[in-house]
Amino acid sequence: MALQFIEQVTKNTDSVQERVLSEILTQNAETEYLKRFALNGATDRDTFKSKVPVVTYEDLQPDIERIANGDRSPILCAHPISEFLTSSGTSAGERKLMPTIHEEMDRRQLLYSLLMPVMNQYVSDLDKGKALHFLFIKAEAKTPGGLMARPVLTSYYKSEQFRKRPFDPYNVLTSPNEAILCPDSFQSMYTQMLCGLIMRHEVLRVGAVFASGLLRAIRFLQLNWEQLSHDILTGTLNPKITEPSIKERMSKILKPDPELAAFIKSECSGENWERIIVRIWPNTKYLDVIVTGAMAQYIPTLDYYSGGLPKPCTMYASSECFFGLNLKPMSEPSDVSYTILPNMGYFEFLPHDDSSPITLSKDSPPRLVELADVELGKYYELIITTYAGLCRYRVGDILQVTGFHNSDPQFRFVRRKNVLLSIDSDKTDEAELQKAVENASELLKEFNTSVAEYTSFADTKSIPGHYVIYWELMMKDSSHPPTNQVLNQCCLVMEESLNSVYRQGRVADNSIGPLEIRVVKNGTFEELMDYAISRGASINQYKVPRCVSFTPIMELLDSRVLSFHFSPAAPHWTPERRR
């Protein structure tokens, strides 16, 4: 049935899109937002495109703030807004709030229901065992008007659909709901890992949402295997696990097993952690993690720990909308393409060219390309219109058309627009990094020192990964250089300047390590420019890259490092939004 459904909607891409737009415009015809553009009940594409502008989050922010503050009138959507999904993108340093409605949960559930039928075509017997998925809820807040604001997966795990889901042999988890829903990240991870070890022979797939999350789980095992092994040996639960619902559930699962405890000790006590995933979970058929976009940087480490197991990326989704799925999930990460399902929302595409960005004017909306009309090989920015009230909204994803399934295009996710650094779900752009450097360099003034040049990279060799900033300093008085303590403090000031998603990763989720500044010798950035010019860059157009990942450049920078400095404390973060 699921595969038939996919065939049906992808054969009729354009007519499904026409129907979806008509449904959205009919449903939301009386909203304040659509009335502003005098559609007068029109539901056709031409009227919609000629009258409704393409917008960013900042354009919608005043309306979103009104809803967040308690205005219940139909502003963006005719249905009541049920909660806000917090995007990993930010505006003015805070997470974006994406309005959603109850019926969107059904649409998301529909997409989830298609994933395993697709996977079953490529991997057999997935109904004969369990999935060790490290799933976590994140901090949530209430808006002044009383609506919840939380990440999309936290919303899903706390929903009736997830908590009271019917038994599905293809989706049996080793992790009990009590562990997934525990807000304490240590207790949650510990319990999920313990259950995964106890059921190790039943595990057929190992995963987390992002590649970075799975690597954190492996690191957790490295740090905690002795206590986990002790629990299994004695059949008693670590006293650090204090959540009553977890303790009750584990009393039914945890029994003394000296043989398993000895096995864990023998595997984890040595120095060699290569292929540890298949050594501990020998029946694992694949890793279930996202490794596209910024997560591609983790592929070599995942291959090391798993012995090169396949890494299918099954779906493409965001807080704004769930988009589609990968119909060839066992393809190499570099070849992953997603088929956008035309029933999930109304999709338009803005042709994208890095060398000549299109500026959008409110007076003359650009002619965007329909889903069925995109061209093979071309790059586009994704624009969405959703049932929950977003109209012609720029998500910020850059996609490339790689092929078609029936009449439906398939896309490679290229990157988020303007994102410079990313370790986990954080996204830091160039303007934020610049501001953070400026704020930190204030501390150097008393030493008559300034930052002459800088660049950065996301260091994912350490777990968790962390931001590394290279600084070349200009000192007016070399006899009075900035102290180590002050340079360490500069790291913390930079962290305090970064957005709330970054700070949450540092403070609450432990998904990002302390920021590092590496001070390099004077003249290093001149050498960087000489190197770039030797490779064909134009001396007139050369700009210092604000983020680097090319190995020879990293080696050049690291060979010139004079000193290393780390943030001495965690930055300030609370779930409440800054007002």
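Cut-off values and rules
Residues numbered from 1 in each chain as written. Predicted model: local features only at pLDDT ≥ 70, side-chain atom pairs only at ≥ 80, totals over all residues. Heavy atoms only, no water. UniProt positions renumbered as here; feature names shortened; annotations may be inferred. Salt bridge = Lys/Arg side-chain N within 4 Å of Asp/Glu carboxyl O. Helix = DSSP H or I, 4+ residues; strand = E, 2+ residues; numbered from the N terminus. Buried < 20%, exposed > 50% of the residue type's maximum accessible area, 1.4 Å probe, protein only. Polar contact = N/O pair within 3.5 Å; in protein donor to acceptor, adjacent residues only side chain to side chain. Contact = heavy atoms within 4.5 Å. Core = buried A, V, L, I, M, F, W, Y, C linked by side-chain atoms within 4.5 Å. Pairing = 2+ DSSP bridges. Axes fitted to C-alpha atoms, helices over the stretch in contact; angles between N-to-C directions.

Taking an unreviewed UniProt entry as the reference, the protein chain is identified by name as Putative indole-3-acetic acid-amido synthetase GH3.1 belonging to Glycine soja. The UniProt entry for the protein chain carries this comment under Sequence similarities (unreviewed entry): "Belongs to the IAA-amido conjugating enzyme family."

1. Re the pattern of salt bridges
A complete count under the given rule lists 41 salt bridges for this structure. The salt bridge partner of glutamate 32 is arginine 66, with a shortest N-O separation of 2.7 Å. Remark: arginine 66 occurs in helix H5 (residues 57–68) and glutamate 32 occurs in helix H3 (residues 32–35); sequence separation between them is 34 residues. The class of glutamate 32 is partly exposed, set by a relative accessible area of 29%. One salt bridge connects glutamate 267 with arginine 279, and the closest N-O pair in it is separated by 2.7 Å. One end of the pair, glutamate 267, is in helix H13 (residues 258–268); the other, arginine 279, is in helix H14 (residues 276–280), and twelve residues separate them in sequence. Each member of the pair, glutamate 267 as well as arginine 279, carries the same accessibility label: buried.

2. Observations regarding unusual backbone geometry
At the junction of isoleucine 463 and proline 464, the peptide bond is cis and its omega measures out at -5° in the coordinates. For proline 464, the position within the fold is in the loop between strand E18 (449–459) and strand E19 (466–475). One non-glycine residue, alanine 38, lies in positive phi territory at about 50°. One can find alanine 38 in the loop between H3 and helix H4 (45–51). Although it is not a glycine, aspartate 125 sits at a positive phi angle of roughly 65°.

3. So, the side chain of glutamate 83
Tracing the backbone through its elements, the reader meets glutamate 83 in strand E1 (residues 83–91). Looking at glutamate 83, its side chain comes within polar contact range of the side chain of arginine 150, at 2.7 Å. Ignoring anything within four residues of it in the chain, the contact list for glutamate 83 reads Met98, Pro99, Thr100, Leu147, Met148, Arg150 and Ser155.

4. Looking at the nonpolar core
Grouped together as the largest cluster of nonpolar side chains are 152 residues, with contacts concentrated most on Phe349 and Trp471. Of the residues forming this core, the biggest block, ten residues, is contributed by helix H11 (residues 211–234). If you look at the next biggest cluster of nonpolar residues, it comprises 15 residues, including Tyr470, Val520, Leu556 and Val561.

5. Brief notes about the sheet that holds strand E6 (residues 203–210)
Two pairing modes exist for strands in a sheet, parallel and antiparallel, and in both the strands are linked by backbone hydrogen bonds. The sheet built from three strands is open, its strands ordered E3-E6-E7 with parallel pairing. Each edge of the open sheet carries a strand with a single partner, namely strand E3 (130–134) and strand E7 (286–290). Averaged over all adjacent pairs, the angle separating strand axes in this sheet is 20°, with direction ignored. Two elements, E3 and E6, share five bridges in a ladder whose sense is parallel. Within the sheet, the bridge partner assigned to leucine 132 lies in E6 and is valine 206. Lying on the sheet, H11 is in contact with E3, E6 and E7; it crosses E6 at an angle near 120°.

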